[in-house]
Amino acid sequence: VVTAVEFGHGKRAGVLSDYTFAVRNGDQLLNVGKAFTGLTDAEIATMSRWFLEHTTADHGQVRQVEPRIVIEVAFNAVMRSNRHDSGFALRFPRIVRLRSDKPVEDIDTLKRLEDIYNEQLHVQKTA
């Protein structure tokens, strides 16, 4: 779920195109990454309007937003990270699509992320 957004750069300087997203750990949302590729210009324009209307804290370039927009994210690997509250980061995350069909309660969990991370370790050891 998207927890914060940031104005882009270059041709996207006037729109909120960089999305920080989180996984669920019980009732907590823990950030795990930031993605800025994968959506069309039209989708970004629509989402920018929504995020501007649903900002909970304005920090200039970055805005915290109501955590209601679910996105599907592809990535290359899960890594340990001190940068995010979750303790993990996704390597090369990219947005696959907006998931208006999926409620926030159904987003991936910290446990799922840990499972993916541990499976990667297992594959590396057996390769």
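This one's a predicted model, so the numbers in the text were calculated from it and none came from an experiment. (Residues numbered from 1 in each chain as written. Predicted model: local features only at pLDDT ≥ 70, side-chain atom pairs only at ≥ 80, totals over all residues. Heavy atoms only, no water.)

Enquirer: Is there a simple way to explain the sheet that holds strand S1 (residues 2–7) in this structure?
Expert: Backbone-to-backbone hydrogen bonds pair the strands of a sheet. The strands run either parallel or antiparallel. Reading across the sheet, the five strands line up as S3-S2-S1-S5-S4 and stay open at both edges, with antiparallel pairing between neighbours. Only two strands of the sheet have a single partner each, and these edge strands are strand S3 (28–35) and strand S4 (55–59). Ignoring strand direction, the axes of neighbouring strands in this sheet form an average angle of 25 degrees. Note that strand S2 (residues 16–25) and S3 share seven bridges and pair antiparallel. (Pairing = 2+ DSSP bridges. Helix = DSSP H or I, 4+ residues; strand = E, 2+ residues; numbered from the N terminus. Axes fitted to C-alpha atoms, helices over the stretch in contact; angles between N-to-C directions.)

Enquirer: What am I meant to see in the packing of aromatic side chains here?
Expert: Each aromatic ring pair is summarised here by two numbers: the centre-to-centre distance and the angle between the ring planes. As enumerated under the stated definition, the model contains three aromatic pairs in all. Centre to centre, the rings of Tyr 19 and Phe 51 are 5.2 Å apart; their planes meet at 70 degrees, and the pair counts as edge-to-face. In this pair, Tyr 19 sits in strand S2 while Phe 51 sits in helix H1 (residues 41–53), placing the two residues 32 residues apart along the sequence. Taken together through their ring pairs, the aromatic side chains of Tyr 19, Trp 50 and Phe 51 make up a single cluster. Over the face of the ring belonging to Tyr 117 we find Arg 80, whose NZ or CZ atom lies 5.0 Å from the ring centre. (Phe/Tyr/Trp six-rings, centres within 6.5 Å; stacked < 30°, edge-to-face > 60°. Lys NZ or Arg CZ within 6 Å of the ring centre and 35° of its normal.)

Enquirer: Help me understand the environment of Thr 109, please; the structure alone is not making it clear to me.
Expert: Relative to the assigned elements, Thr 109 resides in the loop between strand S9 (94–98) and helix H2 (110–126). Each residue touching Thr 109, except ones within four places of it in the same chain, is listed here: Val 23 and Arg 24. Looking at Thr 109, its side chain comes within polar contact range of the main-chain nitrogen of Arg 112, at 3.1 Å. (Contact = heavy atoms within 4.5 Å. Polar contact = N/O pair within 3.5 Å; in protein donor to acceptor, adjacent residues only side chain to side chain.)

Enquirer: It is not clear to me how unusual backbone geometry should be interpreted in this structure. Could you clarify?
Expert: With the exception of glycine, most residues fall at negative phi, and the peptide bonds are largely trans. Look at Phe 92: it is not a glycine, yet its phi comes out positive at around 55 degrees. Secondary-structure assignment places Phe 92 in the loop between strand S8 (88–91) and S9.

Enquirer: Mind showing me how you'd approach the layout of surface pockets here?
Expert: Empty space left among the atoms is revealed by rolling a probe the size of a water molecule over them. Here the largest pocket defines a volume of roughly 350 Å³. Lining the largest pocket are 19 residues, and of these Val 23, Ile 71, Glu 72, Val 73 and Asp 108 sit closest to its centre. Those elements that place two or more of their residues in the lining of the largest pocket are S2, strand S6 (71–74) and H2. When the residues that make up the lining of the largest pocket are grouped by side-chain class, the tally is 13 nonpolar, one polar and five charged. (1 Å grid on protein atoms, 1.4 Å probe; cavity = no way out; pocket = protein on both sides within 12 Å on 5 of 7 lines; lining within 4 Å. Points joined across faces, edges and corners; volume = space filled by probe spheres on them. Nonpolar A, V, L, I, M, F, W, Y, C, P; charged D, E, K, R; others polar.)

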